[in-house]
Structures are given as structure tokens and as C-alpha cells.
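Overview (structure and organization)
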Amino acid sequence: MYEQVSHALLNDILDDLSHQVVREDLRHFYTRLGANFYAIHSLFEHLYGHREDFKEQITKLTERLARAYIDRPESLRSIDMEREENHNWFLSQEWTGMALYLDGFAGNLQGLTKRLSYLQELGVNMVHVMPILRCPQGASDGGYAVSDFRNIDPRAGSVDDISELTESMHKRGMLLTLDVVVNHTSNEHEWAQKACAGDKTYQDFYYVFPNRDVPDMFEETMPEIFPETAPGNFTWNEEMQKWVMTVFNNYQWDLNYSNPAVFIEMVDIVLFWANHGADVLRLDAVAFLWKKIGTTSQNEREAHLILQLLKDCCQVVAPGVLFIAEAIVAPSEIIKYFGEDAVIAKECEIAYNATFMALLWDAVATKNAKLLNQGIKSLPHKLDRATWLNYVRCHDDIGLGFDDADIRACDYDPYAHRHFLIKWFTGAFEGSPAHGRPFGVNPKTGDARISGALASLAGLEAALEANDQEAIDHAVSLILTMHGMIMSFGGIPLIWYGDEIGTLNDSSFLDDASKAGDTRWIHRPRIDWRRAERRLQQGTVEQRLFDGLKRMIAVRQSTPAFADFNNRELVDVSNPHLFVFLRTHPTMQTSSVLAAANFDANPQYLDLDELSHRGIFRYGLLQDIMTGDSPAIFNNRVIIPPFHFYWLANQRARSML
Ligand code: OTU
């Protein structure tokens, strides 16, 4: 859009710039800057326009963008151009992700380069390497307390190793996802250190207060994120003799985005990693970016404006790079992190689908899909050029953030139902085979979340201990079914490392004082590669899971209906144990696939008469595209075995393709 004020300012800035920077072909940069500058200017003005140094700051921002563009390697610039031409590339069913801790999976970056073939064997082509930037030796919240945003932790390797890794990944057609922890730094970060030493400029990078007046006001409405290990949202700093805002752990200092200098530094860091070859950047804890007294200081409008500004800036320099929003918030709020534009994501192209994840676990515990159906029904519609990251487990706990209204709509009491889930997954409920641990227990509010490895939560650990073959079969089936759901729901499925071979809880974290208080470490394993070898041995649990997932990924990749064009229709069926949805490709309608999962321990019926209005499933033989077999049908009812799922297609339609 053309607008005089911002355009005149842009002319000034570019004039300055042309005297400073090395002459080189900035054609694409200018075109993109021209297209985005009105938005950048409006957002920056909205956030920082009241400041006297506004012009100086926006000039600095624009200069940083120019420099980042100049630094962008030619090979990445051409990837940008390809992606600009095929701008919906990431909505395709071709992508399957895995998230992993580098030390637990492969030791270090060089080790990971060697293990890429394992990921390829499975079919994974998008790898999220959990935080590897420099962080303190001891407690660092799994790397989410960064002490140097431009350096790799020496335990992981070097910046050169990253270049080698991305090169090898790009050759294999794999994408790299890296973390940028935008909300806070470690107390050992240079900025925090300077603040401690009394430097006012750097104290302004954080929320620092001389006494409890302001902190107490904030505390009235801010919840506690880690109530057991880090109660409250402020920490007293002896050196400064001041209080500093620390929403997460007391060594994670919240950055102050009301200071434009913070924003400019963080854009620069985002672009730095984009220029080092990251295809996707996961922006941590984005809901927390703006703090306001009298609110929870989550999901504030300004947090969204900051993300829009970040996206606009990134589009000028590295338009091929995607953002993942990590916002584990209510469904109606999550959706806003795509941006509230009519069609195209203006903030993050991808967002964690924490709602779906938690609902799947609800179905596991209750053995029915009532809340799952209800919750998905209330999930707001998302934008077209935006997609979900669908997952079963990740490095974090499982929060029970369902909407209370949805819980009530299923005739459960919200408090009692959540209490039941906690008891179920921690194995305290009669008959539960789950071996999870509570996390984030808050006696003041009665809240709690759940830690635990997928296999241990799904009953595999208990079944193996009891050497109960039927229970083992059920757990294997359930683990595959949960993955079957994230692979076909619409969005990018993200497997948590180790789950592909049924890795169990690992309690060794209890021996490490810097981890012992945080039960999330129980599901952040060190891969036992000897166990992984058993994937090659027919009939082992590892083989059944690994090959099951491998087959699922391959089938997903060859099923166009699984691409994400908002082409999912939830199917209401009368059997409460079933979760059923239809995926239809917008231009290949005969190739629809009906995904149907049974969360019960008994076989359940899917009544085809209830689907009869959906023409394609009326005639012909139904085929499960996972196995190629036809499921058992009796009296026009498909029988779905316990904890099993089908991906049903019309065989005739398929043979006509
Ligand atoms: C994120 O977590 C990370 O995923 C966690 O591993 C970090 O501990 C945390 O940020 C701090 O960096 O911010 O938007 O319930 O789900 O803290 C949600 C715990 C977050 C996490 C929550 C989350």
C-alpha cells in the first residue's frame, strides 16, 4: 500500500542507506521493503510512536534489515524465490516432522548429520532440533534460557556444524527447524550481566523494579507457570538490589518489548538464524511477549502486533522462512497467532495444535471421543495459508487446557473431569495402566499437568512389565492410532523422538540436581540405539511401531486429501467411542478419505447408514489405505477393532484415479 508519510520516511532512510552500504544488487530487497514498509511503519509507530527517538529507531531497524539481506547467502535467496512462487508449499501432505533433543538423540550436531539416514528411513523430512544456543552449564530449562543468541552451545558443536547440517539436510530434501527464545534470556546473558552491573540501558531490556509496588500489582492477575519450582513472577536480584520479572524460572529474565531496542535486537537474531539456513523458526512462548498490569499478561494485543512486525520484517529479508507459534493457550486464542487477516497468515504460518493434542489424551483416558468431538467442533476456523503442527507428545507437559464449556457440554464437571485425567495418567485411578507423573501442581488453584513418555502414558510400560501380550498389542495399537490421527487431521505431524520405537519413561533425571525438580525430563530420553536396532527384527514392539509409522508417513505422502486446505469435515456418528472425520481434496473429490478411530478396549461399529448422504462411501468396497485390506463389515457396519483406526477410501474411486 502507498501512503505518503511512511513513503517519505522510507525515501529518507534509503537515501542514508545508499551512502553507507556496499553497492550490491538490492533489487529484491527494495521491492519487498516497498511492499511491506507501510505495514512495518504502522506497527512500529503503534508500538513506539510516542518516543522521541522514534525516527532514529525505525531507521536503525531498516538498516538492520538491509544488512541481514546483504548477508543472506545466495543459495538461500534462491530458495526464497522458489517458495515465493509456490507460496502454499508447506500446506502439502509431503511434510512430516520430528522434534528431538540433540544430546539425547545424537550427542551433537555432527552426530545428527550422521543420523539423518535414520530419519529418512522413517520418512521424516522436517527436523526440529531443540534449543542448542549457548546456555548455562547447570539448569537452563532444556536450553530455553539462552546466554548467547548468536552462538551454538559448545556441547552441541559450532556454527560451522550447523552449516554442514543444513547443507546435508537440504540435499536430502529435509527442512531444519530451530528455536528462537523470544520472550526471555538467561540471567547469564550479556544483557542481563550488564544490567546487574548497573547499566541502565540494559536494565531497560528487562522489567526491573526497585521495590514490590509494581510487581505486587502484576501478581494480582498473573498466573504462575512453574508453581513448584519457580513460584511468583519476579525474582530479587542481589547485585542490582532490584526485582526482575521472571515469569518462567527465576533464571529466565523476561525481555521488555516496550523498548524498541529489544525488538530490533530480536529481529536481528531471528534473521541471523534464517541466514544460517533454518527453514522454520519456532518462536517460544509467544503468548507472553507483552506485559500489562491488571491482565494475565498473556495474549495481549501488542504481543500480536510484535509478531506481525517480526513477520513483516522477515518477509523483506527471508520470505521463504516460516514461523511456528508456540502458544499453549485456549483454542480461541491459539488461532489468533496466525494473524487475524482474512486469508493469509500475518503472524506465524504454523501453530502448535495443543488443543487437539490434549483432546486426544482425553479420549485415551475416557475411552470415548465425546470431548474430542466437542472440542474439535469448537475449534475456530483457521486461515487458508496457515497450518497446524499436530502432535501427540513433545518435550513439555500435557496441559488440560480444554474449554470448560466444552467439558460441560459432555456432561462432565470441569474440576472433577480434570481431576480424573490427572489421576488416570499418573496411574492413581483404579484400572489405569498409565505411568505418568504430575507436573506444575499448584495447591492454590488445584491445577496440575502431566509428564510422561507416550509409551508409558499409553500403557505400554505397564504391559511390558506384566508381560501381558494382549495389553502390549493394545498399547501398540493405541500409539499407532494416536499418530494416525495427527497424520491425517490436516497440518504437519510432529513426532517426538523415541516415540517411533516406544521409548519408555526415563527416571535418570532424578540423579541430576539441575533437573530433579522438573518431571518433564522423564520424557526427554537418551535414545538407546541398541534398542532401536530391534526395529529390524520382525514382531518386536520397536518394529511394529517403527514400521507402522513408516507406512503411515508413506501413505500420508501419497494421499493428496491429507494436504491442509481446511478440507476436513467432522462426522457426527452415534457411537461415542469413535472419532470420525472426512478429508476431501478440493479438486480430487473422489479420492476422499474417511479417518475413523476407536478409542475403546472393545470392537466398535461405525454405522455406514449414518454416512450414506456422503455419496462416495455408499457403494463399492471400502478399503483401508493403511493396509490395503477391506475392513470387516456386518449389517452395513464397519467393525473397528479395539484402539484401532482406519483410513477408509472407496476402492472403486481409487482404482479410477
Ligand atoms: C515453553 O513452554 C517451552 O516449550 C518450555 O519448554 C519452556 O520451559 C518455556 O516455554 C519457557 O521457555 O511458554 O506458551 O506448561 O507449556 O511454559 C507456552 C509449560 C509456554 C509449557 C509452557 C510453554
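Keep in mind that this is a model prediction, so the values were computed, not measured.

One can find Thr59 in helix α3 (residues 54-71). Excluding its chain neighbours within four sequence positions, the residues that come into contact with Thr59 are Ile13 and Asp16.

Moving on to the sheet that holds strand β21 (residues 604-607). The strand order across the open sheet built from 3 strands is β21-β24-β23, with neighbouring strands paired in antiparallel fashion. At either end of the open sheet lies a strand with only one pairing partner, and these are β21 and β23 (633-634). With 4 bridges joining them, β21 and strand β24 (residues 637-640) adopt antiparallel strand pairing. Paired with Leu606 across the two strands is Val638, which belongs to β24.

Take the pairing of strand β8 (residues 234-237) next. Regular strands place side chains that alternate from one sheet face to the opposite one. Looking at chain direction, β8 and strand β9 (residues 242-245) are connected through 4 bridges and run antiparallel. Residue pairing across strands places Asn237 opposite Lys242, the latter belonging to β9. Where β8 hands over to β9, the hairpin turn is made up of 4 residues, of which Gln241 adopts a positive phi near 60°.

It is worth spelling out the site of the ligand at this point. Residues in close proximity to the ligand total 19 residues, the closest being Asp141, Asp284, His395, Asp396 and Arg449. Separating an oxygen atom of the ligand from a side-chain N or O atom of His184 is a distance of 2.9 Å. Bound to the protein, the ligand loses 96% of the 490 Å² it would expose on its own. Broken down by class, the residue content of the shell around the ligand amounts to 8 nonpolar, 3 polar and 8 charged. Residue contributions to the shell around the ligand reach at least three from each of two domains, namely domain 1 (184-254) and domain 2 (353-566).

Spatially, β1-β2-β5-β11-β12-β13-β14-β17 is the arrangement adopted by the 8 strands of the closed barrel, whose pairing is parallel. Across the sheet, the axes of successive neighbouring strands diverge by a mean angle of 25°, strand direction being ignored. Bridge count for strand β12 (residues 322-325) against strand β13 (residues 350-352) is 2 bridges, and the pairing is parallel. Across the sheet, the residue bridging to Ile324 is Ile350, located in β13. In this fold helix α12 (residues 301-317) packs onto β11 (280-283) and β12, with an angle of close to 160° to the strand it touches most, β12.

Turning our eyes to something else, we now look at helix α4 (residues 74-85). Between the first and last C-alpha of α4 there are 17 Å, a value that for 12 residues agrees with the 16 Å anticipated at 1.5 Å per step. Within the span of α4, buried status applies to Leu76, Arg77, Ile79, Asp80 and Arg83. All buried residues of α4 lie within an arc of 155° about the axis, which places them on one face of the element. When the buried face of α4 is taken as reference, the exposed residues oriented beyond 90 degrees from it are Glu74, Glu82 and Glu85.

Further remarks concern the nonpolar core. Counting residues in each nonpolar core, the largest one holds 218 residues, and the members touching the most others are Leu119 and Trp647. Residue contributions to this core peak at 11 residues, all from helix α11 (residues 260-275). Grouped together as the second largest cluster of nonpolar side chains are 16 residues, Val573, Leu608, Leu611 and Leu622 included.

Counted under the stated rule, the structure contains 39 aromatic pairs. Note on Tyr101 and Trp496: the rings are 6.0 Å apart at their centroids and 85° apart in plane angle, and the pair reads as edge-to-face. Here Tyr101 is found in the loop between β1 (97-100) and α5 (102-106), whereas its partner Trp496 is found in strand β17 (residues 492-496), with 395 residues between them in sequence. With relative accessibility at 6%, the residue Tyr101 sits in the buried group. Residue Trp496 is classed as buried on the basis of its relative accessible area, which comes to 2%. Aromatic pair Tyr352 and Tyr391: ring centres 5.3 Å apart, planes at 85°, arrangement edge-to-face. Of this pair, Tyr352 sits in strand β13 while Tyr391 sits in strand β14 (residues 387-391), and the two are 39 residues apart along the sequence. Assigned by exposure class, Tyr352 and Tyr391 land together as buried. Connected via pairs of aromatic rings, a cluster forms that spans Tyr101, Phe105, Tyr118, Trp496, Tyr497, Trp521, Trp529 and Phe546. Sitting above the plane of the Phe323 ring, Lys311 keeps its charged end 4.1 Å from the centroid.

For Ser508, the location among the structural elements is in the loop between β17 and α21 (529-533). Considering only alpha carbons, one finds Ser508 and Ala363, 145 residues apart in sequence, at a separation of 30 Å.

Scanning all chains against the criterion turns up 37 salt bridges. With a closest N to O distance of 2.8 Å, Arg282 and Asp179 form a salt bridge. You can see Arg282 sitting in strand β11 and its partner Asp179 sitting in strand β5 (residues 175-180), a full 103 residues away along the chain. When its relative accessible area of 5% is taken as the criterion, Asp179 is described as buried. Asp254 is paired through a salt bridge with Lys291; the nearest N and O atoms lie 3.0 Å apart. Of this pair, Asp254 sits in strand β10 (residues 252-254) while Lys291 sits in the loop between β11 and α12, placing them 37 residues apart in sequence. Of the two residues, Asp254 and Lys291, both sit in the buried class. One network of salt bridges, in which partners are shared, links Asp141, Asp396, Asp518, Arg520 and Arg524.

As a further point, take the packing of α3 against α11. Closest axis-to-axis distance for the α3/α11 pair is 10 Å, and the angle between their directions is 10°. Between α3 and α11, the angle is such that the two are roughly parallel. Of the residues in α11, those in contact with Gln57, Lys60, Leu61, Arg64, Leu65, Ala68 and Asp71 of α3 are Pro260, Ala261, Phe263, Ile264, Glu265, Val267, Asp268, Leu271 and Asn275. Grouping the amino acids of the contact of α3 with α11 by side-chain chemistry returns 9 nonpolar, 2 polar and 5 charged.

Each value, and the rule that gives it
Residues numbered from 1 in each chain as written. Predicted model: local features only at pLDDT ≥ 70, side-chain atom pairs only at ≥ 80, totals over all residues. Heavy atoms only, no water. Helix = DSSP H or I, 4+ residues; strand = E, 2+ residues; numbered from the N terminus. Contact = heavy atoms within 4.5 Å. Pairing = 2+ DSSP bridges. Near = heavy atom within 4 Å. Polar contact = N/O pair within 3.5 Å; in protein donor to acceptor, adjacent residues only side chain to side chain. Areas by Shrake-Rupley, 256 points an atom, 1.4 Å probe, with all protein chains shown as cover. Nonpolar A, V, L, I, M, F, W, Y, C, P; charged D, E, K, R; others polar. Domains from an automatic or database assignment. Axes fitted to C-alpha atoms, helices over the stretch in contact; angles between N-to-C directions. Expected span 1.5 Å × (residues − 1). Buried < 20%, exposed > 50% of the residue type's maximum accessible area, 1.4 Å probe, protein only. Arc of directions from axis to C-beta. Core = buried A, V, L, I, M, F, W, Y, C linked by side-chain atoms within 4.5 Å. Phe/Tyr/Trp six-rings, centres within 6.5 Å; stacked < 30°, edge-to-face > 60°. Lys NZ or Arg CZ within 6 Å of the ring centre and 35° of its normal. Salt bridge = Lys/Arg side-chain N within 4 Å of Asp/Glu carboxyl O. Parallel < 35°, antiparallel > 145°, perpendicular 65-115°, else oblique.

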